[in-house]
Amino acid sequence: MRYDKLDHQNSGTFYAKSALKRYLPLAILTVLGVTLYWLYTGVPEGIRGGSRASRRSESTDQLRLDPRYDQLNRLPPCGDLASTGVQQDVTNLMESVKKQFSDCITPIVNQWKDRAKEMNIEWVSKAAICDKLPIFEDLKVVPFNNQHETKWAVLPKCKEENILVTLGVGHDTTAEERLNRTIPNTKFYGADPIIEPNRQMYSAFGKFFPFAIGKQPGFTKFRVLPNQNQKTRKYIYQDVTTIPFLYFLHDILKLQKIDFAWIDIEGGEFEFLDQIHHEVKFCQFNLEVHSRFAPAGAQVFHDFIFKVLEQQKYVFLQSINTGTGVHRMFFLNVEDRECLAKYFNNY
């Protein structure tokens with residue numbers, strides 16, 4: 001309504017509407033401020049960033065620190081990783097990893113050149129052969145189990161603040177909580193357009209953002225898991241607020257290097273996969289690929305994989321099917337000097 005069109009014949013109505021005009025913006029700002037405070041600072045007394053286990057869990061086992069926590073907490077400081085050299089044995093290991101991986105995976109992937117649909121359908125049955133390369137055992141990749149899946153990580157060799165970004169919380173933070181009880185000094189940032197129960201779960205140890213991540217800002221139709229469908233795990237398509245991938249990482253979070261990225265956003269990943277090549281620094285990331293629910297994404301994944309092999313910045317392993325046209329993978333940065341120094345140098 002327009003506030004300048006008041007009925008002056010009714011003084012009571014006039015003053016009521018005048019008050020509404022004057023105080024409504026203030027009321028809206030107050031509600032918005034309280035809501036934002038509730039969403040982003042409502043972290044219970046548990047840990048924020050990795051100092052101790054979350055108090056949200058009822059199980060004694062869930063509250064117990066991993067035996068590796070104390071060992072990792074005693075690691076020497078990383079110092080300035082930008083000026084830290086990569087040790088020669090690490091360089092030699094990564095060159096061997098890249099060569100053996102390329103020799104194994106390139107002939108397999110080349111079979112799918114310009115055959116994106118077949119690539120997505122057949123991916124795990126063929127590409128997973130390279131997961132068995134003996135040299136991958138030297139990378140020391142370890143699991144962190146969720147209720148419905150497994151995330152993978154390489155543990156640091158020196159101590160500094162670690163960053164984990166979760167894109168797609170999905171009503172399950174079990175793996176994040178386990179990593180929180182294993183790696184000290186970790187800050188967690190999670191985004192999901194479904195606010196509850198994701199906000200409550202993620203805010204117990206990190207900072208939660210109630211929106212989807214894509215390439216362009218606005219409203220986007222995403223495949224999401226509503227709160228009422230927790231037990232059935234039945235996803236629906238829904239218009240949700242979307243924030244650009246790079247804007248979220250660089251402008252909202254002010255991050256330049258991300259240690260761990262866990263990406264599971266039901267097809268939304270295809271909007272920004274191409275930006276991972278040059279515009280972000282991930283030391284390692286888990287990715288779930290959903291070409292089944294976003295058929296056009298098959299070509300995006302096809303082009304992404306060919307670019308990964310061309311650049312040799314990442315190797316990938318732990319390919320696991322979760323259904324036809326849906327699979328998970330773990331990517332490890334074997335080129336960035338800061339990542340290599342932090343996760344493979346001997347201190």
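- As annotated in an unreviewed UniProt entry, the protein chain is Methyltransferase FkbM domain-containing protein from Caenorhabditis latens.

**Notes on the sheet that holds strand S12 (residues 326-333)**
Inference 1: Overall, mixed pairing links the 7 strands, which are arranged S5-S4-S3-S9-S10-S12-S11 in an open sheet. Each end of this open sheet is capped by a strand with a single partner; those strands are strand S5 (207-209) and strand S11 (314-323). Between one strand axis and the next, the sheet turns by 15 degrees as a mean value, whatever way the strands run.
Inference 2: Here strand S3 (residues 162-167) pairs with strand S4 (residues 186-191) via 6 bridges, running parallel.

**Some thoughts on helix H10 (residues 337-344)**
Inference 1: Of all 8 residues in H10, 6 are buried, a share of seventy percent or more.
Inference 2: In this fold, the buried residues of H10 make contact with helix H4 (88-110), strand S2 (150-154), S3, strand S9 (257-263), strand S10 (281-290) and S12.
Inference 3: Its side-chain oxygen at 3.1 Å from the backbone nitrogen of glutamate 338, aspartate 336 defines the N-terminal cap of H10.

**Section: the side chain of serine 291**
Inference 1: Structurally, serine 291 can be placed in the loop between S10 and helix H9 (297-311).
Inference 2: Here serine 291 falls in the buried class, since its relative accessible area comes to 9%.
Inference 3: Within polar-contact distance, the side chain of serine 291 engages the side chain of asparagine 120 at 3.0 Å.
Inference 4: From its side chain, serine 291 meets the backbone oxygen of glycine 325 in a polar contact 3.1 Å long.

**Re the sheet that holds strand S7 (residues 218-224)**
Inference 1: Taken in spatial order, the 3 strands of this open sheet run S6-S8-S7, and their pairing is mixed. Of all strands in the sheet, those bounded by a partner on one side alone are strand S6 (212-214) and S7. If you compare each strand with its neighbour and ignore which way they point, the axes differ by 55 degrees on average.
Inference 2: Two strands pair when backbone bridges link them, and S7 and strand S8 (residues 236-244) are joined in this way by 7 bridges, in the antiparallel orientation. Across the sheet, residue lysine 221 finds its bridge partner in S8, namely aspartate 239.
Inference 3: Against the sheet, helix H8 (residues 245-252) makes contact with S6 and S8, and its axis sits at roughly 45 degrees relative to S8, the strand it touches most.

The rules behind each value
- Residues numbered from 1 in each chain as written.
- Predicted model: local features only at pLDDT ≥ 70, side-chain atom pairs only at ≥ 80, totals over all residues.
- Heavy atoms only, no water.
- Pairing = 2+ DSSP bridges.
- Helix = DSSP H or I, 4+ residues; strand = E, 2+ residues; numbered from the N terminus.
- Axes fitted to C-alpha atoms, helices over the stretch in contact; angles between N-to-C directions.
- Buried < 20%, exposed > 50% of the residue type's maximum accessible area, 1.4 Å probe, protein only.
- Contact = heavy atoms within 4.5 Å.
- Polar contact = N/O pair within 3.5 Å; in protein donor to acceptor, adjacent residues only side chain to side chain.

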